[in-house]
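# Residue-level structural notes
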Amino acid sequence: MREPEADSTPQSALIERVRAGELAAVARLLTELERLSPAAPQLLAEIAPFLGRAQVVGFTGPPGAGKSTLVNAYIKALRAEGKTVGVLAVDPSSPVSGGALLGDRIRMNDHTDDDGVFIRSLASRGHVGGLTPAAVRMIDAFDAAGKDVIILETVGAGQSEIDVAEVADIRIVLNAPGLGDDIQAMKSGILDIADILVVNKADLDGAEKTFRHLLSAVHLSSIKADTPVMKTVATTGEGVVELAQQVLGIAASRSETPKTRRRNRARRLLAWAAADMIERRVSKRPDAGIDAVCDDILSGRMTPDEAAIELLKSS
Amino acid sequence: MERNMSEVQLSSFPPRVLVTKIGFDGHDRGSRIVASFLRDAGMEVIETAPWQEISQVVRLALEEDVDVVGVSSLSADHLLMPKLMAALQEAGLSHVKVVVGGIVPDDDEVMLLNAGVAQVFHPGVGRDEIVEGVAAFAAQAREQRNGELVT
């Protein structure tokens, strides 16, 4: 380890400890970046040279599909390969109180004595500037800590959680039998973001039906007709090694450099920032300019697309 | 039911609290209720199953960067608290405030406070008292720790 330089700051000292794998330092970096503290800009600058190495794997799906349990089993498979793992488990906050019960890691309890696994829970609200930017900064913190794989677990229930899942390099969408009708899964649009579809709880009645429904949904899709559909039983580990191999196969088929990987994440952030901006602009009332544009759309003088382009130009 | 939540001032980043049980007792109704109180007061609560080992509690407190650890004890598991306090200290978590709730005899309470436990909540304590106490301890913990990294 190199000697601390005479002009070393608390921020650079923290990053040195993070790079040395000190758990408390990683925990602190995650917090500073989550909250975008006054120290965050310098911390982000300090870690920039180390980023883009980690593979980010997202797990999303409806409540009760078994995401946490599958993540627990997937961690085991990764550890058997000797890979280090960071987990960011996102749980919803109450829209009323802002509070949250963060219980995902109850089901990831096999790894508390393993220094190669670091799990952090994240509540979805209370994030000034959005959940997704916070999650991306926390991914960077794990990346800087040298984690080989970063797992992002989110409930695919609300739009913001899907947004977070989209940040992952490889996205796994879970379903399980008995969670509502199968059209529901397709309606939610999360099929389109999936790189791998998983039917978990494959030992339960109805699993085969769910599997076939997903398979036919995939085959009908014009966007993602080659998405693999797999079966797992997270509680026993059945199918999990195969899932890990599938992830590796997809990763190998891509020619992502660390730079393009990070740029893809930034691309998502940019898209949402732009959408947010337009949304705020359009929701503002009263606004004579927006009213005029709406009238043009209603009268057919402009298509909504043309109007949106005009709006973007003037923002 | 009338909802009369205590007024607790929370920052935009709510207190983070680990609610857990150590030892062999699995009666977690109490810790679950307290966890719900804290969540409904706007806090981020990391909840565990009962039967946690001391090393697990330390690891969770560390990874989750919590401000307060709340331990529920109904059948003498509080006698393990000095060991937990020492382990937290050793892990560099001296800023984390630790509270105990449940059945703790008076003599033992003195022992726990001497070991560094911030407060013991006894049977009959009201929701508001718990919420306000935990919020105040969380604020103290954060203040104490923020000194570590000059910002």
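Scroll up to find the structure this text is about.
Reference entry: report on the structure contained in this document. (Residues numbered from 1 in each chain as written. Chains lettered and ligands numbered in written order. Predicted model: local features only at pLDDT ≥ 70, side-chain atom pairs only at ≥ 80, totals over all residues. Heavy atoms only, no water.)

When helices and strands are counted, chain A shows twelve helices and eight strands. A compact globule built from 315 residues would reach a C-alpha radius of gyration of about 20 Å, and chain A, at 21 Å, matches this within 12%. Summarising its shape, the C-alpha atoms of chain A cover approximately 70 × 60 × 45 Å along the three principal directions. Here chain A holds 315 residues, and the buried ones make up 50% of them. (Helix = DSSP H or I, 4+ residues; strand = E, 2+ residues; numbered from the N terminus. Rg over C-alpha atoms; globule rule 2.2 N^0.38 Å. Buried < 20%, exposed > 50% of the residue type's maximum accessible area, 1.4 Å probe, protein only.)

Here the focus is the interface of chain B and chain A. Contacts between the two partners involve 31 residues from chain B, matched on the other side by 37 residues from chain A. For the pair chain B and chain A, the number of links is three salt bridges. Here B:Glu63 and A:Arg105 are joined by a salt bridge, their closest N and O atoms 2.8 Å apart. Broken down by secondary-structure element, the contributors of at least two residues to the side of chain B that touches chain A are α1 (29-40), β2 (44-47), α2 (54-64) and α5 (127-146) of chain B. The element contributing the most residues to the side of chain B that touches chain A is α2(B), with seven residues. Residues that form the side of chain B that touches chain A fall into these classes: eleven nonpolar, eight polar and twelve charged. As paired elements, strand β3 (residues 100-102) of chain A and β2(B) share three bridges and run parallel to each other. Its bridge partner lying in β2(B), A:Leu102 is registered against B:Ile46. (Contact = heavy atoms within 4.5 Å. Salt bridge = Lys/Arg side-chain N within 4 Å of Asp/Glu carboxyl O. Nonpolar A, V, L, I, M, F, W, Y, C, P; charged D, E, K, R; others polar. Pairing = 2+ DSSP bridges.)

Here we take up the sheet that holds strand β5 (residues 149-155) of chain A. Residue and element names in this part refer to chain A. Strand order in the open sheet formed by seven strands is β4-β2-β5-β1-β6-β7-β8, with parallel pairing between adjacent strands. Each edge of the open sheet is held by one strand with a lone partner, namely β4 (117-123) and β8 (229-231). Sheet twist, expressed as the mean angle between neighbouring strand axes with direction ignored, is 20°. Each of β6 (170-175), β7 (196-199) and β8 is contacted by helix α8 (residues 207-220), which is oriented at about 165° to β8, the strand it contacts most. (Axes fitted to C-alpha atoms, helices over the stretch in contact; angles between N-to-C directions.)

This part is about the pairing of β4(A). Residue and element names in this part refer to chain A. For β4, a buried count of seven out of seven residues is recorded, marking the element as mostly surrounded by other parts of the structure. Burial of the side chains of β4 extends over both faces: Val117, Ile119, Ser121 and Ala123 are buried on one face and Phe118, Arg120 and Leu122 on the other. Where strand β2 (residues 85-91) meets β4, seven bridges bridge the pair, whose relative direction is parallel. What sits directly across from Asp91, in β4, is Ala123.

Taken in spatial order, the six strands line up as β3(A)-β2(B)-β1(B)-β3(B)-β4(B)-β5(B) in an open sheet, and their pairing is parallel. One side of each edge strand has no neighbouring strand; the edge strands of this open sheet are β3 of chain A together with β5 (119-121) of chain B. Pairs of neighbouring strands in the sheet enclose a mean axial angle of 25°, with direction left out of account. As defined by bridge partners, strand β4 (residues 97-102) of chain B adjoins β5(B) across three bridges and the pair is classed as parallel. Along β5(B), the bridge assignment pairs B:Val99 with B:Gln119. Contacts from helix α3 (residues 81-90) of chain B reach β3 (68-73) and β4 of chain B within the one sheet, and its direction differs from that of β4(B) by about 160°. Along the sheet, α5(B) makes contact with β1 (16-20), β3, β4 and β5 of chain B, crossing β4(B) at roughly 160°.

Now for the pattern of salt bridges. Summed over the entire model, instances satisfying the criterion amount to 26 salt bridges over all chains. Residue A:Asp169 is joined to A:Arg261 by a salt bridge in which the shortest nitrogen-to-oxygen separation is 3.8 Å. Taken together, the residues A:Asp169 in the loop between α6 (159-166) and β6 and A:Arg261 in helix α10 (residues 258-283) connect sequence positions 92 residues apart. You'll find A:Asp169 and A:Arg261 in the same group, each marked buried. Across the pair B:Arg39 and B:Asp40 runs a salt bridge, and its minimum N-O distance is 3.1 Å. Counted as one network, the salt bridges with shared partners bring together A:Arg105, A:Asp115, B:Arg16, B:Glu44, B:Arg59, B:Glu63 and B:Glu64.

Of all residues except glycine, most have a negative phi; of all peptide bonds, most are trans. Residue and element names in this part refer to chain B. You will see that Asp65, though not glycine, has its phi angle at about 50°, which is positive. Structurally, Asp65 is set in the loop between α2 and β3. The class for Asp65 is buried, based on a relative accessible area of 7%. Unusually for a residue other than glycine, Ala76 sits at a positive phi of about 75°. For Ala76, the location among the structural elements is in the loop between β3 and α3.

Moving on, we come to the packing of aromatic side chains. Residues and elements named next belong to chain A. Across all of its chains, the model carries two aromatic pairs over all chains by this definition. Both rings, one in Phe118 and one in Phe142, keep their centres 5.7 Å apart while their planes meet at 65°; by these two values the pair is edge-to-face. You can see Phe118 sitting in strand β4 and its partner Phe142 sitting in helix α5 (residues 131-144), a full 24 residues away along the chain. Since its relative accessible area comes to 0%, Phe118 is described here as buried. In this arrangement the basic side chain of Lys231 is found over the ring face of Phe211, its NZ or CZ atom lying 4.5 Å from the centre. (Phe/Tyr/Trp six-rings, centres within 6.5 Å; stacked < 30°, edge-to-face > 60°. Lys NZ or Arg CZ within 6 Å of the ring centre and 35° of its normal.)

Here we take up the packing of helix α1 (residues 10-19) of chain A against helix α2 (residues 23-34) of chain A. Residues and elements named next belong to chain A. For the pair α1 and α2, interaxial distance at closest approach is 7 Å and the crossing angle is 125°. By the criterion of interaxial angle, the relationship of α1 to α2 is oblique. For the pair α1 and α2, the crossing hand works out as left-handed. On α2, the residues that touch Leu14, Ile15, Arg17 and Val18 of α1 are Ala24, Ala25, Val26, Arg28 and Leu29. (Parallel < 35°, antiparallel > 145°, perpendicular 65-115°, else oblique. Left-handed = near helix turned anticlockwise from the far one by under 90°.)

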